[in-house]
Amino acid sequence: MKLLFVAAAMHIAGLSLAAAETPASAAAALPVQDSQWHSFTKHQFSLQGCPAYVVAPAVAAPGNPWIWRTAWPDYHAEVDLELLRCGYHVGYIEVVDLLGCDRSLDLMDAFYTQVRAQFGLALKPALEPNSRGGLHAYRYAARRPERVACILGDVPVMDFKSWPRKHPGSQGNWPQVLASYGFKNDAEALAYQGNPIDQLEAIAKAKIPLRHTICLTDHVVPPEDNTLEAKRRLQKLGWDLEVVAVPESKDCEGHHFPFPEASASARFVMNHADVLPTGREFFQLRDGLANANAKFSQGKTGRVAFLGGSITFNGGWRDELMLYLKQKFPATQFEFIAAGISSVGSNGHAFRVENDIFKNGPVDLLFVEAAVNDGGNIRGKPDLMLRSMEGVIRHCRRTNPQTDIVQMHFVSGEALADRAAGKVPEAVAQHEKVAAHYACVSLDLTQECAERIKAGQFTWASGFSSNVHPPAYGQRLYANSMMRMLDAGFAVAAAPQAHATPTTKLDEASYDQGRYGKLEEARLGPGFKLEPKWTPAQGATRPGFAQVPALVAAGPGAQFSYDFEGTAFGLFLAAGYDTCVLEFSVDAGPFQKLDTFSPWSASLHLPWPVILTDGLKPGKHSIVVRTTADAKNRSALHVVHLLVN
């Protein structure tokens, strides 16, 4: 049976760059020799005669967060490898044989100054002591609590009176303690009150988050004399220590064992050592994630859907979240639904929810994003942004009130310009109204990126190098932010319950009944035909918008009509170089015109939703759509879906 003691203060801590020290300019760059460590680049150097190194991630997380290993860096490296994958650096200096004496702490000071100056590492690393590495890690944290984000211990020694003094097989190290500390005899060493176990007050006062992994049958570093004694003393000081206990092991007198909960330990570090530009987070949990948490923890199955545009279609952050969920809930069999369609925003999502998300059953957790495409495709139309996103969320709430929903606001150059001018981007403002009204979790990456850029962690050009699509650095930022959000949501102790759907809508014209109409029910006049596998003769296409059924007209004067029941009607087009200016009539009213050519249609048959009419009285209606010759060389129309609300 595993024992798990959870710290009293489980919080998501941000670090303020405003309080950051400037690395000492006196720390001149030292010669470095590069090698490989588990496929990552290891920068090795010598500092005051001590071997040292920094292992660099393939893509660094913003602010260059890091974990500082203090002993046996190749033992139980699971957490370090996960953190490297998530953009953390790993630092190490070989001072373990000094057993935590003042000289080791002086060398740690020098190492800290060196790597901050030479590698630009963050102000506050996570300390990672293993075994005897606990002596200098904890004494250093007591000396420099302002430099420590958290401590992740693996059977750390907290008192040299326990190890090596009491362990029969380690008493050969006792003279090393006497020599390192300059004790004249055993009595002086045994009277010493500077062990980690004696210096916990500074750590408790600084509220440094602590987590230890131990084995209850460890006879080398007995938990009662070390971790569990530290826990008791910390509790008297008003702080606590999270302990993950392995019940027993026969390897090395219980001192060695398979490392438990490596993913959770990595998440512990990331929740406390990520370098946020302010002391707050950029997500709002509202009604939270209790339903998904319960389903994944207890039901052992889970369905997770991702609804969005090209930033969702392309993966990257999405792949990271899928891996995170599988690591967080290893006994759960997940089904992931990738429902990203490049270039499509909320006015397309609202009509495809039923088909693309719920067609095969309920979904436990839904991620939805549309701020980038709404900010480009329907910029200047806040009402359309609101009624479309409300349509998505209200439809989901009605279909399955148990679905937990996360709304994400991704970043574009235009959104950052708005933030720089002190404005909330138009799409973000409208989508946040919906998130607040329906109590959805939301994550505002536009605000986070703006503040990180202002803090000097990166520039838009260097960090993203694109107006819209995040490269590896941006994907890393997105993924880490989302995982922190999920960690916080899953950590809330709340019973699962159905999400309430507000009686009133934000917009009575919202597309909460959005769906696809049946193409075969359209009444086709001259010039229109239903092609079972339409594809253009030329021009690029997007998946799902070629080699599919479509209503197709190649010239002007083609017409079709459609009867529907609802309040709104539109078309989901493959709008390419030849897409026309169409005209339409609702309920035998006057014809109105709409140009279906998009800013990207010249080179691509773009998935392009257009709303022809909305705000109609509920009931039966009829619409006539026909092509025109109003635009030179553009008189075609390719209707992939009929949009009905």
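Before any of the text, the structure's been laid out above.
Just so it is clear, the model here is predicted, and its values are computed rather than measured. (Residues numbered from 1 in each chain as written. Predicted model: local features only at pLDDT ≥ 70, side-chain atom pairs only at ≥ 80, totals over all residues. Heavy atoms only, no water.)

The final tally for this structure, using the stated rule, is 41 salt bridges. A salt bridge links Glu-261 to Arg-211; its shortest N-O distance comes to 3.1 Å. Pair noted here: Glu-261 is in the loop between strand 10 (242-246) and helix 8 (262-273) and Arg-211 is in strand 9 (residues 210-215), with a separation of 50 residues, a long-range link. The class for Arg-211 is buried, based on a relative accessible area of 3%. In this structure, the salt-bridge partner of Arg-634 is Asp-595, at a minimum N-O distance of 3.0 Å. Taken as a pair, Arg-634 in the loop between strand 26 (620-627) and strand 27 (637-644) and Asp-595 in strand 24 (residues 592-595) lie far apart in primary sequence, 39 residues in all. On the accessibility criterion, Arg-634 (13% relative accessible area) is buried. On the accessibility criterion, Asp-595 (37% relative accessible area) is partly exposed. It is possible to trace a salt-bridge network through shared partners that takes in Asp-106, Asp-109, Arg-143, Arg-144 and Arg-147. (Salt bridge = Lys/Arg side-chain N within 4 Å of Asp/Glu carboxyl O. Helix = DSSP H or I, 4+ residues; strand = E, 2+ residues; numbered from the N terminus. Buried < 20%, exposed > 50% of the residue type's maximum accessible area, 1.4 Å probe, protein only.)

The next subject is the packing of aromatic side chains. The final tally for this structure, using the stated rule, is 35 aromatic pairs. Consider the rings of Phe-410 and Tyr-478, whose centres lie 4.7 Å apart with planes at 15°: the pair is stacked. Taken together, the residues Phe-410 in the loop between strand 15 (404-409) and helix 15 (413-420) and Tyr-478 in helix 19 (residues 472-491) connect sequence positions 68 residues apart. The same class applies to Phe-410 and to Tyr-478, which are both buried. A cation over a ring is seen here: Arg-165 above Trp-174, with NZ or CZ 5.0 Å from the ring centre. One residue, Arg-626, lies across the ring of Phe-591, its end atom 3.6 Å from the ring centre. (Phe/Tyr/Trp six-rings, centres within 6.5 Å; stacked < 30°, edge-to-face > 60°. Lys NZ or Arg CZ within 6 Å of the ring centre and 35° of its normal.)

Counting residues in each nonpolar core, the largest one holds 66 residues, and the members touching the most others are Val-269, Trp-317, Phe-367, Tyr-478 and Met-482. The biggest single contributor to this core is helix 19, with 10 residues. Aside from chain neighbours lying at most four places away, what touches Met-482 is Trp-317, Leu-321, Met-408, Phe-410, Leu-443 and Leu-445. (Core = buried A, V, L, I, M, F, W, Y, C linked by side-chain atoms within 4.5 Å. Contact = heavy atoms within 4.5 Å.)

Here the structure, examined in full by the defined rule, presents 0 disulfides. The thiol sulfur of Cys-50 is not disulfide-bonded, and the nearest other cysteine sulfur, from Cys-101, lies at 11 Å. With no disulfide of its own, Cys-449 lies closest to Cys-86 among cysteine sulfurs, the gap being 17 Å. (Disulfide = S-S within 2.5 Å.)

Of note, the amide linkage connecting Trp-163 to Pro-164 takes the cis form, showing an omega dihedral of 10°. Counting through the fold element by element, Pro-164 comes out in the loop between strand 8 (150-154) and helix 4 (174-181). Despite not being glycine, His-38 shows a phi value in the positive range, around 50°. With respect to the helices and strands, the residue His-38 is situated in the loop between strand 2 (33-37) and strand 3 (40-47). A relative accessible area of 45% places His-38 in the partly exposed class. The backbone of His-76 shows a phi angle near 50°, a positive value even though the residue is not glycine. Counting through the fold element by element, His-76 comes out in the loop between strand 5 (66-69) and helix 1 (78-85).

Turning our attention to the layout of surface pockets. The volume enclosed by the second largest pocket comes to roughly 420 Å³. Forming the walls of the second largest pocket are 28 residues, and the residues nearest its centre are Val-372, Asn-373, Gly-376, Val-468 and Trp-600. When residues in the lining of the second largest pocket are grouped by element, the largest group, 6 residues, is from helix 13 (residues 371-377). Along the lines of polarity and charge, the residues of the lining of the second largest pocket split into 12 nonpolar, 11 polar and 5 charged. (1 Å grid on protein atoms, 1.4 Å probe; cavity = no way out; pocket = protein on both sides within 12 Å on 5 of 7 lines; lining within 4 Å. Points joined across faces, edges and corners; volume = space filled by probe spheres on them. Nonpolar A, V, L, I, M, F, W, Y, C, P; charged D, E, K, R; others polar.)

Looking now at the sheet that holds strand 21 (residues 559-565). By way of backbone hydrogen bonds, the strands of a sheet pair with one another, either parallel or antiparallel. The strand order across the open sheet built from 5 strands is 18-21-26-23-24, with neighbouring strands paired in antiparallel fashion. Since the sheet does not close on itself, it has two edges, and those belong to strand 18 (523-524) and strand 24, each with one partner. Inspection of the sheet shows strand 18 paired to strand 21 by 2 bridges, in the antiparallel sense. When the sheet's bridge partners are listed, Arg-523 is paired in strand 21 with Ser-561. (Pairing = 2+ DSSP bridges.)

A separate point is the environment of Val-220. Checked against the element boundaries, Val-220 lands in the loop between strand 9 and helix 7 (227-236). Exposure remark for Val-220: the relative accessible area of 8% places this residue in the buried category. Each C-alpha atom, one on Val-220 and one on Pro-168, is 8.7 Å from the other, the two residues being 52 residues apart in sequence. Contacts of Val-220, omitting those with residues within four sequence positions, involve Trp-163, His-167, Cys-252, Glu-253 and His-255.

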